[in-house]
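Structural overview for review
Now for the letters of each chain:
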Amino acid sequence: MSIAELFLLAVGLSMDAFAVSVCKGLAMKKCTWKESALAGLWFGGFQALMPLAGYLLGVQFKNVITSVDHWIAFILLGLIGGNMVREALSPEEEEACGEEAAAMDVRTMFALAVATSIDALAVGVTFAFLNVEIVPAVSFIGVTTFLLSFAGVRIGNLFGTRYKSRAELAGGVILILIGLKILLEHLGIIAF
């Protein structure tokens with residue numbers, strides 16, 4: 001996986017965390033640097049841990065599934081991306097930023113970090129099949145998510161939810177396209 005592909009994947013995976021961070025910033029009366037960094041650490045940390053866990057699971061089954069690994073990557077990334085697109089286009093999604101969204105307690109942040117990083121677990125499984133160097137990949141994903149989540153809290157506090165749906169839509173489309181590229185490369189239709 002090239003650095004450009006990894007960057008696009010990291011940005012795509014980060015969009016759920018970015019959207020939640022925008023909501024957090026919107027709900028805060030005053031946003032501090034500490035709160036922005038805290039959101040970045042929670043979301044970035046879990047976005048790094050989940051693909052690592054998925055990778056470790058995927059390695060266990062790699063030898064059994066290698067003949068269909070590209071299909072698995074395509075299906076998982078397509079489903080994750082499709083779900084993000086569906087959520088971005090859903091009218092209920094815009095109303096999810098009430099005042100309770102400002103909470104930064106451990107229980108709330110843990111639940112949000114897990115919820116926004118479940119898709120990264122599935123991506124980690126595909127990393128095992130694609131022989132991705134896992135430590136640099138999860139580090140890159142974690143740092144990218146940290147930066148986007150940090151910025152999301154600040155942006156949400158300044159501008160509101162205007163770009164939340166667009167970010168989630170872009171993230172979903174990116175994941176779908178990466179899945180399609182993986183499939184087409186393994187089928188020998190395209191070569192990058």
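Everything here concerns the structure above.
Residues numbered from 1 in each chain as written. Predicted model: local features only at pLDDT ≥ 70, side-chain atom pairs only at ≥ 80, totals over all residues. Heavy atoms only, no water.

Some details on helix α1 (residues 3-27)
Along an α-helix, residues three or four apart share an orientation, since each turn contains 3.6 residues. Taking 1.5 Å of rise per residue, the 25 residues of α1 would be expected to cover 36 Å, and the 35 Å separating its terminal C-alpha atoms lies within 8% of that figure. Along α1, the largest kink reaches about 40° and is centred on Met15. Extensive coverage of α1 is indicated by the burial of 20 of its 25 residues. (Helix = DSSP H or I, 4+ residues; strand = E, 2+ residues; numbered from the N terminus. Expected span 1.5 Å × (residues − 1). Bend = angle between axes of the 7 residues up to and from the residue. Buried < 20%, exposed > 50% of the residue type's maximum accessible area, 1.4 Å probe, protein only.)

Brief notes about the environment of Leu180
Position of Leu180 relative to the elements: it lies in helix α6 (residues 164-186). Considered as a pair, Leu180 and His70 are 110 residues apart in the sequence and their alpha carbons are 9.3 Å apart.

Some thoughts on the nonpolar core
In terms of nonpolar packing, the biggest core is built from 29 residues, with Leu9, Val123 and Phe127 touching the most fellow members. Secondary-structure elements contributing two or more residues to this core are α1, α2 (33-65), α3 (69-89), α4 (106-129), α5 (134-159) and α6. With eight residues, the top contributor of residues to this core is α1. Apart from the residues within four sequence positions on either side, Phe127 is in contact with Met1, Leu6, Leu9, Pro51, Tyr55, Val132, Ile134, Ala137 and Ile141. With 12 residues, the next largest nonpolar core counts Phe43, Phe46, Met104 and Val153 among its residues. (Core = buried A, V, L, I, M, F, W, Y, C linked by side-chain atoms within 4.5 Å. Contact = heavy atoms within 4.5 Å.)

Let's talk about the packing of aromatic side chains
The tally for this structure, following the rule as stated, stands at five aromatic pairs. Consider the rings of Trp42 and Phe46, whose centres lie 6.1 Å apart with planes at 15°: the pair is stacked. Separated by four residues within a single helix, Trp42 and Phe46 lie in helix α2, roughly one turn from each other. Accessibility expressed as a relative area gives 19% for Trp42, which makes it buried. Residue Phe46 is classed as buried on the basis of its relative accessible area, which comes to 16%. Grouped by ring-pair contacts, the aromatic residues Trp33, Phe146 and Phe150 constitute a single cluster. If you follow Arg154 out to its NZ or CZ, it ends over the ring of Trp33, 3.9 Å from the centre. (Phe/Tyr/Trp six-rings, centres within 6.5 Å; stacked < 30°, edge-to-face > 60°. Lys NZ or Arg CZ within 6 Å of the ring centre and 35° of its normal.)

That is the geometry; function is a separate question.
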